[in-house]
Amino acid sequence: MVQPPLHLTKVAFGTTSVEHLAERLLARAAEGPLFLTTRYLPKRHAEITGPAAAGGSLFWILKHQLVARSPITGFGEADAGKVAILLDPQLVLVRAMPKRAHQGWRYLAHDDAPTDLIGDATDSDQMPAALMSKLAALALL
């Protein structure tokens, strides 16, 4: 029986927009496998990508909003004894949802995760992220 996946959240530090984040992820993926490093393997990693999980994602926080997600493809080893969180480079836009910034990553239950929007961060017909944030703040999205 497949369980709903557990997700992670992380601040998109140094990015100015969803488009900028998508460009950075694709540029890093062109150099090799896309991954983030962390000091410790998440204790609940089996709920994110294990055989009983449907596949978790890393939700990106930008300007105090969850705005997009990157599917997590697995976990591996990185340099200096760190853990690599392996990501799919294709960014999936989600309905903007308020989320306070934090250091590192945090867990996000599937039921609490925002729903996907149609398309991805490279679609030209998407609503601008700034407008999505304002509409979400007004509870119109």
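Data block above holds the structure.
Now for a description of the structure that goes with this document. Each chain has its residues counted from 1, following the order in which its sequence is written. The predicted nature of this model means local features are confined to residues of pLDDT at least 70 and side-chain atom pairs, given and counted, to a pLDDT of 80 or more, with totals for whole chains, interfaces and linings taken over all residues. Values shown for side chains rest on all heavy atoms present in the structure; no hydrogens or waters enter the calculation.

1. Details of the overall build of the chain
Reasoning step 1: Scanning the chain for helices and strands turns up three helices and eight strands.
Reasoning step 2: Starting at the N terminus and ending at the C terminus, the chain contains elements arranged as β-α-β-α-β-β-β-β-β-β-α.
Reasoning step 3: Scored against the burial criterion, the 141 residues of the chain give a buried share of 40%.
Reasoning step 4: Contact criterion: two residues are considered in contact whenever any of their non-hydrogen atoms come within 4.5 Å of each other. When contacts within the chain are restricted to residue pairs at least 6 apart in sequence, those whose partners lie at least 24 apart make up 67%.
Reasoning step 5: Here, Shrake-Rupley sampling with a 1.4 Å probe gives the accessible areas, and only protein chains in the shown set may cover a residue. Per element, the accessible surface of the chain, about 8,300 Å² overall, is 56% carbon and sulfur. Numbered from the N terminus, helices here are DSSP runs of H or I no shorter than four residues, and strands are runs of E no shorter than two. A 1.4 Å probe rolled over the protein chains alone gives each residue an accessible area, and that area as a share of the maximum for its type sets the label: buried under 20%, exposed over 50%, partly exposed in between.

2. Structural notes on helix 1 (residues 18–30)
Given 3.6 residues per helical turn, the α-helix brings residues three or four places apart onto the same face.
Reasoning step 1: Across its 13 residues, helix 1 extends 18 Å between first and last C-alpha, which sits within 8% of the 18 Å expected from 1.5 Å per residue.
Reasoning step 2: Three or more residues of helix 1 are buried, namely Val 18, Leu 21, Ala 22 and Leu 25. Along helix 1, the residues classed as buried sweep out an arc of 100 degrees about the axis, all on the same side. Exposed side of helix 1, more than 90 degrees from the buried face: Glu 23 and Ala 30 are the residues found there.
Reasoning step 3: At the exit of helix 1 stands Gly 32, carrying a positive phi of roughly 150 degrees. Take the residue count of a helix, subtract one, and multiply by 1.5 Å to get its expected span. Throughout, the arc means the angular range of directions from the helix axis out to the C-beta atoms.

3. Thoughts on the pattern of salt bridges
Reasoning step 1: Only one rule defines a salt bridge in this text: a Lys or Arg side-chain nitrogen within 4 Å of an Asp or Glu carboxyl oxygen. A full pass over the atoms with the stated rule returns two salt bridges.
Reasoning step 2: Arg 44 is paired through a salt bridge with Glu 47; the nearest N and O atoms lie 2.9 Å apart.
Reasoning step 3: Here Arg 44 falls in the partly exposed class, since its relative accessible area comes to 35%.
Reasoning step 4: Using a relative accessible area of 36% as the deciding quantity, one classes Glu 47 as partly exposed.
Reasoning step 5: The residue Arg 69 makes a salt bridge to Asp 116 at a minimum N-O spacing of 2.7 Å.

4. Topic: the layout of surface pockets
Leftover empty space is mapped by rolling, across the atoms, a probe with the size of a water molecule.
Reasoning step 1: A volume near 180 Å³ is recorded for the largest pocket.
Reasoning step 2: Grid spacing is 1 Å over the protein atoms alone, the probe is 1.4 Å, and a cavity is where that probe fits but cannot get out, while a pocket is an open set with protein on both sides within 12 Å along at least five of seven lines and lining residues have an atom within 4 Å of a point. In terms of lining residues, the largest pocket is bounded by Lys 10, Val 11, Ala 12, Phe 13, Thr 15, Leu 21, Arg 24, Leu 25, Arg 28, Leu 36 and Trp 60.
Reasoning step 3: Put simply, the parts of the chain that give the lining of the largest pocket at least two residues each are strand 1 (7–11) and helix 1.
Reasoning step 4: Tallying contributions element by element places helix 1 first for the lining of the largest pocket, with four residues.
Reasoning step 5: Classifying every residue of the lining of the largest pocket gives seven nonpolar, one polar and three charged. Grid points are joined across faces, edges and corners, and a volume is the space filled by probe spheres set on the points. Note that Gly is not counted as nonpolar here; it falls among the polar residues with everything else outside the nonpolar set of Ala, Val, Leu, Ile, Met, Phe, Trp, Tyr, Cys and Pro and the charged set of Asp, Glu, Lys and Arg.

5. What about the pairing of strand 1?
Reasoning step 1: Should DSSP find at least two bridges between two strands, the strands are regarded as paired. One ladder, built from four bridges, connects strand 1 with strand 7 (residues 105–108); its direction is antiparallel. Within strand 7, the residue paired with His 7 across the bridge is Leu 108.

6. Comments concerning the environment of Leu 34
Reasoning step 1: Looking at the element boundaries, Leu 34 is found in the loop between helix 1 and strand 2 (35–38).
Reasoning step 2: Taking C-alpha positions, Leu 34 is 5.5 Å from Leu 87, a pair spaced 53 residues apart along the chain.
Reasoning step 3: Apart from the residues lying within four places of it in its own chain, the contact partners of Leu 34 are Leu 25, Arg 28, Ala 29, Ile 85, Leu 86, Leu 87, Asp 88 and Pro 89.

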